[in-house]
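Structural overview
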Amino acid sequence: MADHHGDQDVEAITAQRRLDCYQNVSQATPPSAVFCPVLFDGWSCWPVTEAGMTANQSCPDFIPGFERANTVSYKCEQDGSWYFHEAYNKTWVNYTSCVNTADLSFRTIVVSIHCFGYGVSLIALLVSLALLFHFKSLRCVRILIHMNLFASFALNNCLWLLWYYVVFDETAILISNEIWCIALHRVLYTGLISNYSWMLCEGLYLHTVLVWAFIQQSSLYWWMNVVGWGVPLLTTLIYVPVRAWLGEGDELDMCWMRDFRYDFIQQIPVAATVGLFLINIVRVVVLKLRRGPANEPSGGASRSTLQALRATLLLVPLLGLNFLLTPFRPQGGPPWEYVYEIVSAITMSFQVGTLRGGFSFFNPESGRFQGLCVAVLFCFCNGEVQAQIKRKWRAARFRSKRANSCTMTTVSFVRTSGPQNGEDKV
């Protein structure tokens, strides 16, 4: 899928081509009594064509993945109407001949990298959740917030895998624009927004433990859930009816993947989340540096505060490091564009997933390994989790050695208590 700026360029080009196409209608001379009129199909302008003939022209050069050197054709039927596709229930031009097969194969590889990243991340997140559920001694508000963050990432990765395998390559599904496809797309983006809202909760928790040291933890966790899951749901509940009622033309097609003029409804909460999160991190770090250890009640920051600060600081690179590659995108086409796409697919996969196709501020093609990154930083590298795993491992080894010791003792006892040499055996 093209990025947002690419979509804007295509829209501007097609708008101009449409205008030029119909301005030349009056100049067209019908070749016979029965003919097909001038038609702009959204990409190309088809001239007046005699019935029974086929019009040919070069493929559009502004569509990513199309080869201009190839030719596309459109048949004018005997009754003077352009070819009508029964399955799509509309006049339709077959642009498959324009597809650059080499580029298509490369894009397939990139998509495979993305899907692999989602799969690895999903496994890592599920393992992390299983560990945190298993070790009940770790249950505190900070760990519960981590678990909700893991759950939001796992939901997002699962939905993206479902989207790729069910919808992504199915043009017929996108064109049919069924309700379930629109619903899947909206649920997918709701899950994606929840990633940001739970990262905001990580920052809010740090702020809270520093400012209100004696706040009730159960009440705090309840409000974290309101922010973490409530903000994405509220955003979706506002966005869906606005788009359903005010959307026009292409904005309501293709499972709502096209840009919408009121996309800021989704952009504002996430942009505010990122802004508030980063501002709060900087504020907290500056506050800690100014106060210093001498001003802490116990001569230093509490252990839980330091853990919360470290965990929250770990999220900073996840919020936007992927955008460092954006200014360096090559414009000359292959092979440097291919190199960029591969490097981008790998490096951006470790960052937070962002929204494309309706979000100018975000890019969903990143974030493939985001869940893996969060799981490694917050769970697998967590000292408390590692300590619990080591304790369980030592306990399991001790039980194993004790069982072996008991077995050896039993065998020895049986041997020593058996019949001695020279004694009668019963």
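Predicted, not measured: the structure shown is a model, and the values here were computed from it.

All right, on to the pattern of salt bridges then. Considering all chains together, one arrives at 3 salt bridges under this definition. Between Arg-142 and Glu-384 there is a salt bridge, with the nearest N and O atoms lying 3.0 Å from each other. Residue Arg-142 is located in helix H3 (residues 141-168), and its partner Glu-384 is located in helix H11 (residues 383-416); the two are separated by 242 residues in the primary sequence. On the basis of relative accessibility, which here comes to 6%, the residue Arg-142 falls in the buried class. By relative accessible area, Glu-384 is classed as buried at 18%.

Right, let's talk about the UniProt feature "transmembrane region" (unreviewed entry) in the chain for a bit. The sites that carry the UniProt feature "transmembrane region" (unreviewed entry) are, in the present numbering, residues 116-135, 147-166, 196-215, 222-244, 264-287 and 308-328. Each end of residues 116-135 is marked by a C-alpha atom, and these two atoms are 29 Å apart; helix forms 95% of the span and strand 0%. When the span residues 147-166 is considered, its composition is 100% helix and 0% strand, and the gap between its end C-alpha atoms is 28 Å.

Here we come to the environment of Gly-203. As for its position among the elements, Gly-203 is in helix H5 (residues 179-211). Separated by 76 residues in sequence, Gly-203 and Ile-279 have C-alpha atoms that sit 9.6 Å apart.

Helix H6 (residues 217-246) packs onto H3 with a crossing angle of 15° between their chain directions and a minimal axis gap of 10 Å. By the angle between their directions, the pair H3 and H6 is classed as roughly parallel. Relative to H6, the crossing made by H3 is right-handed. Each of Val-141, Leu-144, Ile-145, Asn-148, Ala-151 and Ser-152 in H3 lies in contact with H6, whose residues at this interface are Gln-217, Leu-220, Tyr-221, Met-224, Asn-225 and Trp-229.

Next up on the list: unusual backbone geometry. Leave glycine aside and you will find that most residues have negative phi; peptide bonds, for their part, are mostly trans. The phi angle at Cys-255 is positive, at roughly 55°, despite the residue not being glycine. Mapping Cys-255 onto the fold places it in the loop between H6 and helix H7 (264-291). Although it is not a glycine, Trp-256 adopts a positive phi angle of roughly 65°. Structurally, Trp-256 can be placed in the loop between H6 and H7. Judged by relative accessible area, Trp-256 falls into the buried class, the value being 7%.

With that out of the way, let us pick up the environment of Val-38. Mapped onto the elements, Val-38 comes out in the loop between strand E1 (35-36) and strand E2 (39-40). Overall, the relative accessible area of 15% leaves Val-38 in the buried class. Sequence separation of Val-38 and Tyr-22 is 16 residues, and the distance between their C-alpha atoms is 7.4 Å.

Tallying each qualifying case throughout the model produces 3 disulfides. Bridging Cys-36 to Cys-76, the disulfide has an S-S length of 2.0 Å. Between Cys-36 and Cys-76, the disulfide has an S-S torsion of 95° and is therefore right-handed. Residue Cys-36 is located in strand E1, and its partner Cys-76 is located in the loop between strand E6 (71-75) and strand E7 (84-85); the two are separated by 40 residues in the primary sequence. On the basis of relative accessible area, Cys-36 is assigned to the buried category, the value being 0%. Residue Cys-76 is classed as buried on the basis of its relative accessible area, which comes to 0%. One disulfide bridge connects Cys-59 with Cys-98, the sulfur atoms lying 2.0 Å from each other. Where Cys-59 bonds to Cys-98 through sulfur, the torsion about that S-S bond is close to -85°, and the disulfide is left-handed. Residue Cys-59 is found in the loop between strand E5 (54-58) and E6, and its partner Cys-98 is found in the loop between strand E8 (90-91) and helix H2 (101-134); the two are separated by 39 residues along the sequence. Under the relative-accessibility criterion, Cys-59 is labelled buried at 0%.

So, about the nonpolar core. Of all hydrophobic cores here, the largest spans 46 residues; its most connected members are Leu-132, Ile-145, Leu-149, Phe-150, Trp-160, Trp-163 and Val-167. Every element with two or more residues in this core is listed here: H2, H3, helix H4 (171-176), H5, H6 and helix H10 (370-380). Considering each element in turn, this core owes the most residues, 14 residues, to H3. Setting aside residues no more than four positions away along its own chain, Trp-163 makes contact with Phe-168, Cys-181, Leu-184, His-185, Leu-188, Cys-255 and Met-257. Listed in part, the 15 residues of the second largest apolar core include Cys-59, Phe-66, Val-72 and Cys-76.

Criteria and thresholds
Residues numbered from 1 in each chain as written. Predicted model: local features only at pLDDT ≥ 70, side-chain atom pairs only at ≥ 80, totals over all residues. Heavy atoms only, no water. Salt bridge = Lys/Arg side-chain N within 4 Å of Asp/Glu carboxyl O. Helix = DSSP H or I, 4+ residues; strand = E, 2+ residues; numbered from the N terminus. Buried < 20%, exposed > 50% of the residue type's maximum accessible area, 1.4 Å probe, protein only. UniProt positions renumbered as here; feature names shortened; annotations may be inferred. Axes fitted to C-alpha atoms, helices over the stretch in contact; angles between N-to-C directions. Parallel < 35°, antiparallel > 145°, perpendicular 65-115°, else oblique. Left-handed = near helix turned anticlockwise from the far one by under 90°. Contact = heavy atoms within 4.5 Å. Disulfide = S-S within 2.5 Å. Core = buried A, V, L, I, M, F, W, Y, C linked by side-chain atoms within 4.5 Å.

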